[in-house]
Amino acid sequence: MNIGIIGAGKVGTALGCVLKRKGFAVTAVASRRQASLDRARPYIGEESIYTLDNGRVFASADVVAVTTQDREIHKVADQISAQGIALEGKVVFHTSGAHASCELSPLDKKGALLGSFHPLQTFPDIEAGIAVLPETYIFIEGDGAALPALRTLASAVGREWKLLARESKVLYHLSAVFVCNLLCALLYSGEGIMKRIGIDIEPFYPIIRATLRNIEAKGPLSSLTGPVVRGDAGTIEAHLTAMQGMERAREVYRSLSRVALEMAEERGEVGAEQLAALKALLGED
Ligand SMILES: NC(=O)c1ccc[n+]([C@@H]2O[C@H](COP(=O)([O-])OP(=O)(O)OC[C@H]3O[C@@H](n4cnc5c(N)ncnc54)[C@H](OP(=O)(O)O)[C@@H]3O)[C@@H](O)[C@H]2O)c1
């Protein structure tokens with residue numbers, strides 16, 4: 001399988017590097033800027049062609065990864081389509097979590113087999129991406145005929161592949177935003193409260209890590225502790241009072257505590273009277 005890469009950024013370069021190490025031929029790499037190609041070269045190797053012409057990648061590759069920013073994927077597909085390059089039987093995939101393979105749709109009219117290949121991971125830079133890829137689950141989706149190539153690549157670079165239906169892609173991405181991006185936003189909100197009393201987040205890392213370990217071992221439902229599952233209305237009332245003038249934090253607290261209340265109901269550990277008191281405090285949806 002000869003592989004081409006369009007977009008020499010963090011994901012494209014890390015993917016190219018790991019594929020190369022696994023013995024795949026990465027025949028060509030394209031990007032907009034020479035500086036990005038020069039940065040990718042030490043990772044992907046001298047044997048590859050480095051070019052500013054995206055169309056050139058298709059001459060040597062059977063499988064092409066479009067690893068540009070999400071907003072550029074469709075533009076690249078339009079551009080390649082307009083160039084009249086022979087695409088019959090070539091597999092073309094992108095690595096966006098938010099979009100399905102149809103983001104590349106101008107290319108299927110030219111005979112390409114489309115896919116999406118999303119490493120469920122955060123890549124702050126190339127080195128970090130290379131380090132975490134082997135433990136990363138890869139979610140794939142696309143034309144039936146593209147899937148064997150996607151499965152082969154995902155098995156080679158990642159921990160395991162998982163198949164998604166095209167129509168599930170948005171909810172899949174939303175799940176990742178909840179557990180990764182919004183977790184950061186939640187911790188940032190907590191940090192804002194700490195700052196009010198002159199402490200920082202560092203002493204909280206052990207409890208954050210322990211919570212994540214519990215979640216990994218038992219799942220979120222069984223790992224929940226705190227005033228809601230204890231049915232402790234007095235503490236919740238004190239928290240809400242303390243958040244006067246902290247409207248954003250109060251909003252987050254009430255929303256997530258209502259979720260916690262649903263979890264408490266599901267666990268069946270809080271009595272009906274206590275549940276009613278908590279609902280009155282936290283408000284109905
Ligand atoms: N970063 C993550 O944590 C992560 C994780 C999983 C999936 N993804 C997905 O992977 C994809 C790439 O993300 P990234 O973080 O690697 O982005 P990135 O570091 O910004 O890299 C994107 C690269 O694409 C190149 N590019 C943009 N438009 C182009 C075009 N028209 N033709 C050729 N090359 C073009 C840019 O090249 P120049 O520098 O040459 O301008 C840039 O280096 C996105 O779809 C993203 O959603 C990202």
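Reading the values: the criteria
Residues numbered from 1 in each chain as written. Predicted model: local features only at pLDDT ≥ 70, side-chain atom pairs only at ≥ 80, totals over all residues. Heavy atoms only, no water. Axes fitted to C-alpha atoms, helices over the stretch in contact; angles between N-to-C directions. Helix = DSSP H or I, 4+ residues; strand = E, 2+ residues; numbered from the N terminus. Parallel < 35°, antiparallel > 145°, perpendicular 65-115°, else oblique. Left-handed = near helix turned anticlockwise from the far one by under 90°. Contact = heavy atoms within 4.5 Å. Nonpolar A, V, L, I, M, F, W, Y, C, P; charged D, E, K, R; others polar. Near = heavy atom within 4 Å. Polar contact = N/O pair within 3.5 Å; in protein donor to acceptor, adjacent residues only side chain to side chain. Areas by Shrake-Rupley, 256 points an atom, 1.4 Å probe, with all protein chains shown as cover.

(A) Molecular detail of the packing of helix α12 (residues 247–267) against helix α13 (residues 272–282). Contact geometry of α12 with α13 gives a least axis separation of 10 Å together with a crossing angle of 160°. In terms of orientation, α12 and α13 fall into the roughly antiparallel class. Crossing handedness for the pair α12 and α13: left-handed. Residues Tyr253, Arg254, Ser257, Arg258, Leu261 and Glu265 of α12 form the contact with α13, whose participating residues are Leu275, Leu278, Lys279, Leu281 and Leu282. Among the residues forming the contact of α12 with α13, the class breakdown is six nonpolar, one polar and four charged.

(B) Geometry of the environment of Arg56. Looking at where Arg56 falls in the secondary structure, it is placed in the loop between β3 (49–51) and α3 (57–60). Along the backbone, Arg56 and Ile80 are 24 residues apart, and their C-alpha atoms lie at a distance of 9.8 Å. Leave out the neighbours within four places in its chain, and Arg56 touches Ile49 and Thr51.

(C) Expanded view of the site of the ligand. As a matter of local geometry, the ligand sits amid 24 residues, with Val11, Arg33, Ser36, Asp70 and Phe123 nearest to it. Note that an oxygen atom of the ligand is positioned 2.5 Å from one of the side-chain N or O atoms of Ser36. Protein contact buries 85% of the 900 Å² of open area that the ligand shows by itself. At the level of secondary structure, the elements contributing two or more residues to the shell around the ligand comprise α1 (10–21), α4 (70–82) and β6 (113–119). The element that contributes the greatest number of residues to the shell around the ligand is α4, accounting for three residues.

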